[in-house]
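Read off the chains here:
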Amino acid sequence: MIDDRQLTIHEAHRMLEKREVSSVELTKAMLKRIKKLEPDVKAIVTITEELALKQARSADDRLASGNGSPLNGIPVLIKDVICTRGVKTTCSSRMLENFIPPYDATVMERLNDCGAVVVGKTNMDEFAMGSSTENSAFFTTHNPWDLGRVPGGSSGGSAAAVAAGEAIYALGSDTGGSIRQPASFCSVTGLKPTYGRVSRYGLVAFASSLDQIGPLTQDVTDAALVLNAIAGYDTRDSTSVDIPVPDYTRCLTGDIKGLRLGVPREYFVEGMQPGVADAVNNAIAKLEELGVNIDREVSLPHTPYALAVYHIIAPSEASANLARYDGVKYGYSCQDADSMWQAMEKTRQYGFGAEVKRRIMLGTYALSAGYYDAWYLKAQKVRTLIRREFDAAFEKYDALVTPTSPTVPFKIGEKIDDPLQMYLSDVCTLPVNIAGLPAISVPAGFADGLPVGLQIIAKPFAEETILKIAHAYQQATDWHTKRAGI
Ligand code: GLN
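Every value quoted in this text rests on a predicted model; they were computed, and no experiment measured them. (Residues numbered from 1 in each chain as written. Predicted model: local features only at pLDDT ≥ 70, side-chain atom pairs only at ≥ 80, totals over all residues. Heavy atoms only, no water.)

A. Focus on the packing of aromatic side chains. Counting across every chain of the model gives 13 aromatic pairs. Residues F99 and Y330 carry aromatic rings whose centres are separated by 5.8 Å and whose planes lie at 85 degrees to one another, so their mutual orientation is edge-to-face. Taken together, the residues span a long stretch of sequence, with F99 in the loop between β2 (75–79) and α4 (106–113) and Y330 in the loop between α9 (306–321) and α10 (340–351) at a distance of 231 residues. Of the residues examined, F99 reaches a relative accessible area of 14% and is grouped as buried. Ring geometry for Y325 and Y330: centres 6.0 Å apart, planes at 50 degrees, overall tilted. (Phe/Tyr/Trp six-rings, centres within 6.5 Å; stacked < 30°, edge-to-face > 60°. Helix = DSSP H or I, 4+ residues; strand = E, 2+ residues; numbered from the N terminus. Buried < 20%, exposed > 50% of the residue type's maximum accessible area, 1.4 Å probe, protein only.)

Rendered as structure tokens:
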């Protein structure tokens, strides 16, 4: 029975508690499903069968001695940008193809403390740069809803895996939309927490002022359960914030009457597919039926600058962060060279893919003497304006609702040769990272049979508001229960 059903965390937890299934059985069923589906979906870079079965056995022992964590014994997949001790962490890059971290990321320590069962590491755009997983140095992940299409990115492996039922939930990372956009493309729930809510220690850095880890799940209750486990202060991340972590399941009351929601018109961008706009407008009407007050006339005029700001700040930070891959400290090292400089050059030439090189060059340029003021400093100033505009909006509204992506999943190969088109995939998600806000994408229907996501954004540390609204929406709709059917 567990072979054919895609269980949520809370359902699996209930079954484990009632001894209807053991963690070992659940894990074996998941591994079987992975083996059956992977030839088509290709969401996973490393399967950790032995580790998973070992963790499942200890989870069963804990269960017998009354461990109450809702994540105990539940199989999870981890984006391959998060360090897992003793398990390869490749960032889907040739540079780290054989890198085995000697330590766990903080989120991994926290999941391990809860008794999580790690079944593997998921595919992604190399170093989290991309919107389709086509930038993986290894292979492209396929969207379970239509195998000819991309699952989004960069956490495309995690999103596709959850949609295909290859794990009950997954972790992703979001720098400009990389949890929410693939969640939208694969019809799963994806939460990007407030910057500073979840420790970045052990998350391989892309753009450190934007990166944040979060869950990809089948529903909002599961997202709250995972956030409970991974959120919180960590002395090893200087940007993590020391404020208490509430129990995020307590806000899931279903009652959202009287909340004030704004719909910023700039998010309905030119070129948005009409079917996407329709689905999102229907979702907004549904929220209205549930008793929220909607203002459809909101304007956030700096929104159109977010794309340019992001593509200066993110590559700038990336160019600094990726300087550590020099063939000496970590990962791949070219030995066939006449000098140290040549070794470094050849290491990077082979180790990095085209998109990563493009970003390093852009960032190095934007930060270089003479250009710094014109590009980087200017972008930082506009970043402040965008953040202030959100601050002002959140004085009037409890949350903002927007589409997650202007399009449904596109065909594999359709945008890979046109970086600007690819960058446009994230227009609706980037502003959130620029301002460090929390946001969620939830399934909101289909356009031409392909998934559409609704994005809900709130002020910093108002994850509860987002989860509450998203949960009420899921109580009133069944989009999140639809399965890709593979
Ligand atoms: N797609 C965006 C980019 O290419 C965002 C990536 C991310 O959030 N990691 O940079």
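B. Looking closely at unusual backbone geometry. Looking along the chain, the bond that leaves G153 and enters S154 is cis, with omega of 5 degrees. Notably, S92 is not glycine yet its phi reads approximately 50 degrees, a positive angle. Looking at where S92 falls in the secondary structure, it is placed in the loop between β2 and α4. Residue class for S92 comes out buried when judged on its relative accessible area of 0%.

C. Main features of the site of the ligand. By nearness alone, 14 residues border the ligand, and G176, S178, Y310, R359 and D426 come closest of all. Between an oxygen atom of the ligand and a main-chain N or O atom of T175, the distance comes to 2.7 Å. Against a free-state accessible area of 290 Å², the protein chains account for coverage of 100% of the ligand. Across the shell around the ligand, the residue classes break down as four nonpolar, seven polar and three charged. (Near = heavy atom within 4 Å. Polar contact = N/O pair within 3.5 Å; in protein donor to acceptor, adjacent residues only side chain to side chain. Areas by Shrake-Rupley, 256 points an atom, 1.4 Å probe, with all protein chains shown as cover. Nonpolar A, V, L, I, M, F, W, Y, C, P; charged D, E, K, R; others polar.)

D. View of the state of the cysteines. Inspection of the entire model under this criterion finds zero disulfides. Unpaired in this structure, C428 has its nearest cysteine sulfur neighbour in C186, at a distance of 17 Å. (Disulfide = S-S within 2.5 Å.)

E. View of the sheet that holds β2. A sheet is described by the order of its strands in space; here eleven strands give the open sequence β1-β3-β2-β4-β6-β5-β10-β11-β9-β7-β8, paired in mixed fashion. With partners counted over all chains shown, the strands left at the sheet margins are β1 (44–47) and β8 (293–298), one partner each. Put simply, the sheet's adjacent strands are angled 25 degrees from each other on average, direction ignored. In this structure, β1 lies alongside strand β3 (residues 117–122), joined through three bridges in antiparallel fashion. By the bridge assignment for β3, T46 is matched with K121. Along the sheet face, helix α2 (residues 23–41) touches β1, β2 and β3 and points at about 20 degrees away from the line of β3. (Pairing = 2+ DSSP bridges. Axes fitted to C-alpha atoms, helices over the stretch in contact; angles between N-to-C directions. Contact = heavy atoms within 4.5 Å.)

F. Focus on the environment of G152. Tracing the backbone through its elements, the reader meets G152 in the loop between β3 and α5 (156–164). The spatial distance from the C-alpha of G152 to the C-alpha of V408 is 9.5 Å, given a sequence separation of 256 residues. With sequence-adjacent residues up to four places away left out, G152 is seen in contact with S131, S132, T133, Q181, P182 and F185.

G. Just a nonpolar patch on the surface, in detail. On the surface, a nonpolar cluster with roughly 310 Å² of combined accessible area is contributed by Y365, Y371 and W375. Within the secondary structure layout, Y371 lies in the loop between α11 (354–367) and α12 (373–396). (Patch = residues over 30% accessible without salt bridge, like charges linked within 9 Å, V, L, I, M, F, W, Y side chains within 5 Å. Salt bridge = Lys/Arg side-chain N within 4 Å of Asp/Glu carboxyl O.)

Fair warning: the whole summary comes from geometry, so function is off the table for now.
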